[in-house]
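A structural walkthrough
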Amino acid sequence: MRDDSSDDVFKMFNPSSVLVTGGAGFIGSNYLLHAVRAHPQTRYVNLDALTYAGNLANLADIEGAPNYSFAHGDINDSDLLARLFDEYGFDAVVHFAAESHVDRSILNPTAFVTTNVHGTLVLLQAAREAWEGADGPRRFHHVSTDEVFGSLGSEGHFTADTTYAPRSPYAASKAAADHLVRAFGTTYGLPWVITNTSNNYGPYQFPEKLIPLVIRNAMTGAPIPVYGKGENVRDWLHVEDHVDALDRVLHQAGTRSTWLIGGDQEISNLELVHMLLDEVDRATDKEAGTSRNLVRFVTDRPGHDFRYALDSSPIQKELGWRPKHDLASGIAATVSWYLNNAAWMNAILGGDYRDYYKMQYGSRGMN
Ligand code: NAD
Ligand code: TYD
């Protein structure tokens, strides 16, 4: 835990009205599905632009909940933000909205600066204006990534004090957003918390990311693209464990503190892909090893970070958080979820996805 202040660490904070941005995306929707039911006294307003990655179907289970509402809009829209702050009197913001896929940031970095940097700035301004001179505690929680710290070799872990060294346009845009959040704390006294998290997986993840992409391609017998030799290492965290950590940070952490949330489940991409394919074979009664034949080694991602790993001991020690899923049980549950929710997957894969897929993988020899 990096603590940039000392005054109010570990006071309980019980927000009455929370603005959640990007709540129709993968992590945001899992967060809302948990928080809206866990905190019935708290109002949650989900502001989402519904880009290709936003899907209100993820939230079907809470759409009628009395403490939940949806607002369709862009975090760059300052008038809309002012109206929402005015109407709902938010005392907390949990900011998920972002362009989130590294490969898309390589194809089109501009959208990443527009949403992740400028959008975060507009949101910070709105919170600052609404909260200036107000009584009572407030929190601006920025949900960020381990990728801001750059790339590790085969040893070591990032800590919250590691110097930022982002290497992709996505990582650079998230790093810039983190810097803006801290700068608003220092300059204007805005009360913030930041969480930096490792690779998430689980239900409702858009199938441009490795795990749902592999499951989907295996389901349809399509080739599985593995970048380079598949030796890069990621640390995987089940989204429900992430959501549990986020909820603790918002409610228990002091302002101006930074928390790293990792799964302690490191694995190389090729080993992970094999694990997923073997699980698909097992769950669909195919002969063991059948789907491994689908693997294709393709041109590597430019600037591909070798490894990420986070030291999560501070959140474990100080907020009592532990991940409940190990990778084997988490992967089995996730494969089963995607197999049982093929209709969810098919509904989101229109022409846009096919265009993206062609652009991303066509030149790598996979259509
Ligand atoms: P996602 O791409 O699945 O969802 C992003 C959501 O933000 C979508 O619902 C989209 O419609 C919305 N959105 C995009 N631009 C917007 C705008 N301008 N205004 C309003 N809404 C907008 O992303 P995710 O995987 O759920 O990630 C959520 C957050 O967590 C992001 O900030 C990401 O950087 C961070 N994060 C993700 C991971 C991961 O493994 N997925 C890991 C660490 C950190
Ligand atoms: P991804 O899910 O895009 O997350 P991130 O880039 O944020 O880590 O990718 C996870 C790893 O899998 C990363 O090392 C890139 C690799 N990868 C592939 O090998 N093939 C693919 O088709 C994709 C999408 C990713």
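Everything below is about the structure printed above this text.
Small disclaimer: the values here were computed from a predicted structure and weren't measured. (Residues numbered from 1 in each chain as written. Chains lettered and ligands numbered in written order. Predicted model: local features only at pLDDT ≥ 70, side-chain atom pairs only at ≥ 80, totals over all residues. Heavy atoms only, no water.)

Quick look at the site of ligand 2
- Among the 16 residues in the neighbourhood of ligand 2, the closest are listed as E147, R234, R301, H304 and Y361.
- The fraction of the free accessible surface of ligand 2 (510 Å²) that becomes covered by protein chains is 97%.
- Elements with a contribution of two residues or more to the shell around ligand 2: α3 (102–107) and β9 (224–227).
- Of the residues assigned to the shell around ligand 2, the class counts are six nonpolar, four polar and six charged. (Near = heavy atom within 4 Å. Areas by Shrake-Rupley, 256 points an atom, 1.4 Å probe, with all protein chains shown as cover. Helix = DSSP H or I, 4+ residues; strand = E, 2+ residues; numbered from the N terminus. Nonpolar A, V, L, I, M, F, W, Y, C, P; charged D, E, K, R; others polar.)

What to know about the site of ligand 1
- Residues in contact with ligand 1 amount to 28 residues; listed here are only the nearest, I27, D48, S100, Y170 and K174.
- Between ligand 1 and L50 there is a distance of 3.4 Å, counted from an oxygen atom to a backbone nitrogen or oxygen.
- F96 is positioned such that a nitrogen or oxygen atom in its backbone is 2.9 Å from an oxygen atom of ligand 1.
- When ligand 1 is considered free in solution it has 830 Å² of accessible area, and contact with the protein chains removes 96% of it.
- At three residues, strand β6 (residues 139–145) tops the list of elements feeding residues into the shell around ligand 1.
- Within the shell around ligand 1, the residues separate by chemical class into 12 nonpolar, 13 polar and three charged. (Polar contact = N/O pair within 3.5 Å; in protein donor to acceptor, adjacent residues only side chain to side chain.)

Quick notes on the sheet that holds strand β8 (residues 199–201)
- A sheet is described by the order of its strands in space; here three strands give the open sequence β8-β10-β12, paired in mixed fashion. Edge positions in the sheet fall to β8 and β12 (266–268), since each has one partner strand and no second. Strand-to-strand twist of the sheet, defined as the mean angle between neighbouring strand axes without regard to direction, takes the value 45°.
- Pairing geometry for strand β10 (residues 233–238) and β12, over three bridges, is antiparallel. Bridge pairing links D235 to E266 in β12. (Pairing = 2+ DSSP bridges. Axes fitted to C-alpha atoms, helices over the stretch in contact; angles between N-to-C directions.)

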